[in-house]
Each structure stands twice: as structure tokens, then as C-alpha cells.
Amino acid sequence: MALTPYCENAEVRATLGVNAVELSESVLNLPIYQIGLLRELNKVAPSLPALFSTITAKPVEQRTEPEKAVLDATKLFSAYASARQVGVSLASLMPKDVGDGKASVSRFADAPYKETLARIETMYLASRASLIASLAELTQTPAAAPATPLAFIAAARSYDPVTG
């Protein structure tokens, strides 16, 4: 399986804001990213990859509006899910500085892509919700209510423990 049935490598690069030199085809075609995307699709719905293949096999003029919506939502979700996965190692992959002196390459020590990754996470969640809604419309089943994540919030003390 490649990313290509679901999204193009160029779309993943565009989502991350990098070019083909910074993020090569050989990196994006690694099996780990393909496996990760398939797992993400299966988390949305175990039947999604088979449904996607069935819809893409149909001639374009025979696709219904709900099928087109699922197809588009799957492609959008796939681009953001793949970018989210690649983004984890983005700072390690991207050269910060390339020099001629003994072919030197320096990498980012900090996470300069934090803002980009935060935006990708937001779009990932939105595209996932859109895909779930499109699937529900196609199968004519009500969309499951999103699970409310359990969150812990740190609160500052209202007093100084040293001075009382």
C-alpha cells in the first residue's frame, strides 16, 4: 500500500510546508507511514479502506453525492493524518543549515515546527470529524457522539508555601 490511493506525497509536503528536497519521496514512501495511515483509517471505520476502494472503482459519473463526500473527506483526512505522523520527526529530518565545509549539515535542536504541528492537529481533528459525518450520511446511521477526553488541569497554589 502506498499513500497515493488516499493522498499524494505532494499534498503531505504542502500540509507540512516543506518541499521535495527537504522531504523526499523515499522518506514518504517508507512502509511506516503507509502502515500508520492505514491504521488511522481503520480507527475511523474498519471498513473504510474497502469502502474507499469500492467507491474509487466506480466511474465518476456513477458516484452518488454521499460517496463523493466520503471520497473527498477520506483524501483530506489522509493528508492530515500522514502529515501528523511525519511531523513527529520533522525537526530531525529537516536540515537547518547546509554548508560546504566538509559537507556539514546542522539540524534543529528545538521544535521550530510547533505552531505548524498544532495547526495540523487542529485540521486532523476537523477532517476526522468530517469523515465520520460523511460516513454516517453514506451509511445512513447516526454519527457517534465524540468521546469527551478526560483532562487534568494543573492549578497554581493560592498561597506561597515558603512565606505562608
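Structural notes, computed from the coordinates. Computed from a prediction, not measured in an experiment: that's the story for all the values here.

### Examining helix α3 (residues 31–44)
Okay, step 1: Helix length check: α3, at 14 residues, gives a terminal C-alpha distance of 20 Å against a target of 20 Å (1.5 Å per residue), a fit within 8%.
Okay, step 2: All of the buried residues along α3 are Y33, Q34, G36, L37, E40, L41 and V44. The buried side chains of α3 occupy one side of the element, clustering within an arc of 165° when seen end-on. Opposite the buried face of α3, by more than 90 degrees, sit the exposed residues I32, I35, R39 and K43.

### A short note on the side chain of S78
Okay, step 1: By secondary structure assignment, the location of S78 is in helix α5 (residues 65–87).
Okay, step 2: The exposure class of S78 is buried, given its relative accessible area of 0%.
Okay, step 3: Among the polar contacts listed, one links the side chain of S78 to the backbone oxygen of T74, at a separation of 2.7 Å.
Okay, step 4: Beyond its immediate stretch of four places on either side in the chain, S78 contacts Y6, C7, L37 and L41.

### Some words on the packing of helix α4 (residues 48–57) against α5
Okay, step 1: Here α4 crosses α5 at 120°, and the two axes come no closer than 10 Å. Relative to α5, the element α4 lies oblique. The interaxial crossing formed by α4 with α5 has left-handed handedness. In this structure, α4 contributes L48, L51, F52, I55 and T56 to the contact, and α5 contributes E67, V70, L71, T74 and K75.

What counts and what doesn't
Residues numbered from 1 in each chain as written. Predicted model: local features only at pLDDT ≥ 70, side-chain atom pairs only at ≥ 80, totals over all residues. Heavy atoms only, no water. Helix = DSSP H or I, 4+ residues; strand = E, 2+ residues; numbered from the N terminus. Expected span 1.5 Å × (residues − 1). Buried < 20%, exposed > 50% of the residue type's maximum accessible area, 1.4 Å probe, protein only. Arc of directions from axis to C-beta. Polar contact = N/O pair within 3.5 Å; in protein donor to acceptor, adjacent residues only side chain to side chain. Contact = heavy atoms within 4.5 Å. Axes fitted to C-alpha atoms, helices over the stretch in contact; angles between N-to-C directions. Parallel < 35°, antiparallel > 145°, perpendicular 65-115°, else oblique. Left-handed = near helix turned anticlockwise from the far one by under 90°.

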